[in-house]
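One letter stands for each residue in the lines below.
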Amino acid sequence: MPSPVLPTAFSNQMLQQLGETDYQAFLQALAAPTPVSIRRNSLKLKNWSENFDGVKWNNEGVYLPERPVFTLDPRLHGGAYYVQEASSMLLSAVLPQVIDLNQPLKVLDLAAAPGGKSTLLAAALSEDSLLISNEVIKSRYQILRENLCKWGYPNVLCSNQDSREFAPLQGQFDLVLLDAPCSGEGLFRKDPNAVNEWSPEHVQHCSARQRRILAETSPLLKPGGILIYCTCTYNEFENALNIAWSQNNLELTPIPLSFPAEWGVQARDFGYQCYPHQVRGEGFFIAAMRQEQHHPVLRSAPTKGFWRNAPRKNATFLHKWVKPGVELQLLESPHGELAAIPQVCFEFFQELSPYLRRWDPVLELGALKHTDFIPAPALALSTIVHPDLPNTPLDLLTALKYLRREPLELPTAPEGWGLVNFEGINLGWIKNIKGRINNYFPKEWRIRMGGSV
Ligand code: SAM
């Protein structure tokens, strides 16, 4: 694989940062193939037969020997794994160093789409924690929602706001992750387009935007709360200098972290860097800081949300659809769609959601239509769907037909509503009406690629 042609100013920066010998190794790594890695969803993928190399810093992360056509693997659509670059998974080794993950926590992932770090956070947090996963750009917000629905954790809300719109949630969060929009130097190998967008001016623009978001983010933390800041870039303006700036201007204290030397993660001024010649992954920077200031919780007027509590809704029929023992608080949209928040994190939900402007629960349940309940796709993919619902296994070709929303013939499917699965991973709903199978895979999620693996 040829090395990307690097801008001279970037080459000079890296030569200065790494020194001659390491710089040559860095260039060689950029010319080598990009490692392909995925992170498994341990609540869904119980039997993973292949014996792949593990990512050293994440128990569920594995490297694949080559890049498959992920779109044609039904397990991806069922949320059995997430395709994630390995260095980014270092977050899972940072979390237990800075916060007690067994506690119920209020967590915000401020820049979350497409959802790599939010799915990692959801898997790491206790089930009585609440994760707000935010993305400002509308089109990216839809992708984030889709990925979080597929991941299937119920204690997650998605929001679609700019960082400045979180001001009413001052002093509320135990943990905020800011995976900042950046110049993307660490992605030059994976995404050659990132090279074309790079310039010293763009780096300065990114750095200034990051400082604005950092200044808006830090008051959201409780006293002693943790801000994890990361980028996929190398330059000091977006990394170390922003952490130093946060220490001087926002009273955030950097927290020393430690990683086994064999992982190859480099301690830099005020943070930790992955380089592709030292780590089996792409370029990545991460730092954790503690909030030392007290930002009082504000009592501003709540916003009028789309979703409302539906405490008196008679939903006894739900026991057929939801795993026994799971207690839910119901929400309802103006159009009568039902969604839910697990009872175990409902208090957090009540404290936070009234001050969000645009948000949606990940756990949509469905809608009542006359006497029928039309289950939502998110319920099929949720970890709390009832395990005893009728569930028809599909072979690969039929699963791909299902995911393309094509008509199916399933002579063994029971009458009425049922799930379909591929290798035990739920994909969605069908309804069998007198032998005719209605395919309820959502239009917006259907795969358009032809062929099979
Ligand atoms: N955390 C994501 C993941 O692991 O999949 C990747 C996030 S990407 C590096 C940065 C995201 O920040 C982009 O989706 C971008 O749209 C979003 N963003 C840009 N400006 C923002 C702002 N002012 N507030 C919140 N998010 C913003």
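Counting restarts for each chain: residues are numbered from 1 in the order of the written sequence. The predicted nature of this model means local features are confined to residues of pLDDT at least 70 and side-chain atom pairs, given and counted, to a pLDDT of 80 or more, with totals for whole chains, interfaces and linings taken over all residues. Excluded from the side-chain calculations are hydrogens and water; all other atoms, namely the structure's heavy atoms, are used.

## A few points about the overall build of the protein
Helix and strand labels come from DSSP, where a helix needs a run of H or I of at least four residues and a strand needs a run of E of at least two; each type is numbered from the N terminus. On a plain count of helices and strands, the protein comes out with 12 helices and 22 strands. Here the globule rule is a power law, 2.2 Å times the number of residues to the power 0.38, and the radius of gyration is based on C-alpha atoms. Against the globule reference of 22 Å for 453 residues, the protein gives a C-alpha radius of gyration of 23 Å, in line with a compact fold. Overall size of the protein, expressed as C-alpha extent along the three principal axes, is 70 × 55 × 35 Å. A separation threshold of at least 6 residues defines the contact pool for the protein, and within that pool the share at least 24 residues apart is 74%. Of the accessible surface of the protein, which amounts to about 19900 Å², a share of 51% is contributed by carbon and sulfur atoms. The convention is simple: Lys and Arg are positive, Asp and Glu are negative, and His and the chain ends are not counted. By convention, the charge on Lys lies at NZ, on Arg at CZ, on Asp at CG and on Glu at CD. Taken as two groups, the 42 positive and 45 negative side-chain charges of the protein have centres that lie 8 Å from each other. Here a residue-residue contact requires only that any non-hydrogen atoms of the pair lie within 4.5 Å. All accessible areas in this document rest on Shrake-Rupley with a 1.4 Å probe, and a residue is counted as covered only by the protein chains that are shown.

## Looking at the sheet that holds strand E1 (residues 36–40)
Read from one edge to the other, the open sheet built from three strands follows the order E2-E1-E3, with strand pairing classed as antiparallel. Each end of this open sheet is capped by a strand with a single partner; those strands are strand E2 (61–64) and strand E3 (81–83). Averaged over all pairs of adjacent strands, the angle between their axes in this sheet comes to 30°, without regard to strand direction. A pair of strands is considered paired only if DSSP assigns at least 2 bridges between the two. As defined by bridge partners, E1 adjoins E3 across three bridges and the pair is classed as antiparallel. If you follow Arg39 over to E3, its bridge partner there is Tyr82. Each axis is a line fitted through C-alpha atoms, taken for helices only over the stretch in contact, and angles between the N-to-C directions span 0 to 180 degrees.

## A few points about the pairing of strand E6 (residues 156–159)
Two faces make up the sheet, and in a regular strand the side chains alternate between them. Exposure is judged per residue with a 1.4 Å probe applied to protein chains only, and the accessible area is read against the type maximum: over 50% gives exposed, under 20% gives buried, and values in between give partly exposed. Covered by surrounding structure in E6 are Val156 and Cys158 together with Leu157 and Ser159, the residues of both alternating faces. Bridge count between strand E5 (residues 130–134) and E6: four bridges; the pairing is parallel. Bridge pairing in E6 places Ser133 opposite Cys158. We call a crossover right-handed when, viewed with both strands directed away from the observer, the connection leading from the first strand over the helix to the second proceeds clockwise. With respect to chirality, the unit in which E5 leads through helix H6 (residues 138–151) into the neighbouring parallel E6 is right-handed. As judged from the three bridges shared by E6 and strand E16 (residues 359–361), these two strands associate in the antiparallel manner.

## As for the pattern of salt bridges
For this document, the term salt bridge refers to a Lys or Arg side-chain nitrogen within 4 Å of an Asp or Glu carboxyl oxygen. Counted by the stated rule, this structure contains 18 salt bridges. Here Arg145 ties to Asp360 by a salt bridge, and the two come within 3.3 Å at their closest N and O atoms. Pair noted here: Arg145 is in helix H6 and Asp360 is in strand E16, with a separation of 215 residues, a long-range link. Of the residues examined, Arg145 reaches a relative accessible area of 17% and is grouped as buried. Look at Asp360 and you get buried, because its relative accessible area is 12%. One salt-bridge network, in which partners are shared between bridges, spans Asp162, Arg164, Arg212 and Glu216.

## Some words on the environment of Gly418
Mapped onto the elements, Gly418 comes out in strand E20 (residues 416–422). Taking the C-alpha atoms as reference points, Gly418 and Gln273, separated by 145 residues in sequence, lie 48 Å from one another. With sequence-adjacent residues up to four places away left out, Gly418 is seen in contact with Pro390, Gly428, Trp429 and Ile430.

## Regarding the nonpolar core
Residues enter a nonpolar core if they are buried and are Ala, Val, Leu, Ile, Met, Phe, Trp, Tyr or Cys, with the set joined through side-chain atoms within 4.5 Å. With 67 residues, the main nonpolar core has Trp57, Leu90, Val98, Ile228, Phe259, Ile286 and Tyr402 as its most contacted residues. When residues no more than four places from it in sequence are discounted, the contact partners of Leu90 are Trp57, Phe259, Trp263, Val265, Cys274, Phe284 and Ile286. Membership of the second largest hydrophobic core comes to 35 residues, among which are Leu157, Ala180, Ile213 and Leu331.

## Some words on helix H4 (residues 91–98)
A turn of α-helix holds 3.6 residues, and therefore any two residues three or four places apart point the same way. Within H4 the residues assigned to the buried category are Leu91, Ala93, Val94, Leu95 and Val98. Looking at the buried residues of H4, the elements they touch are helix H5 (116–124), strand E7 (173–179), strand E8 (221–231), strand E9 (252–255) and strand E12 (284–291).

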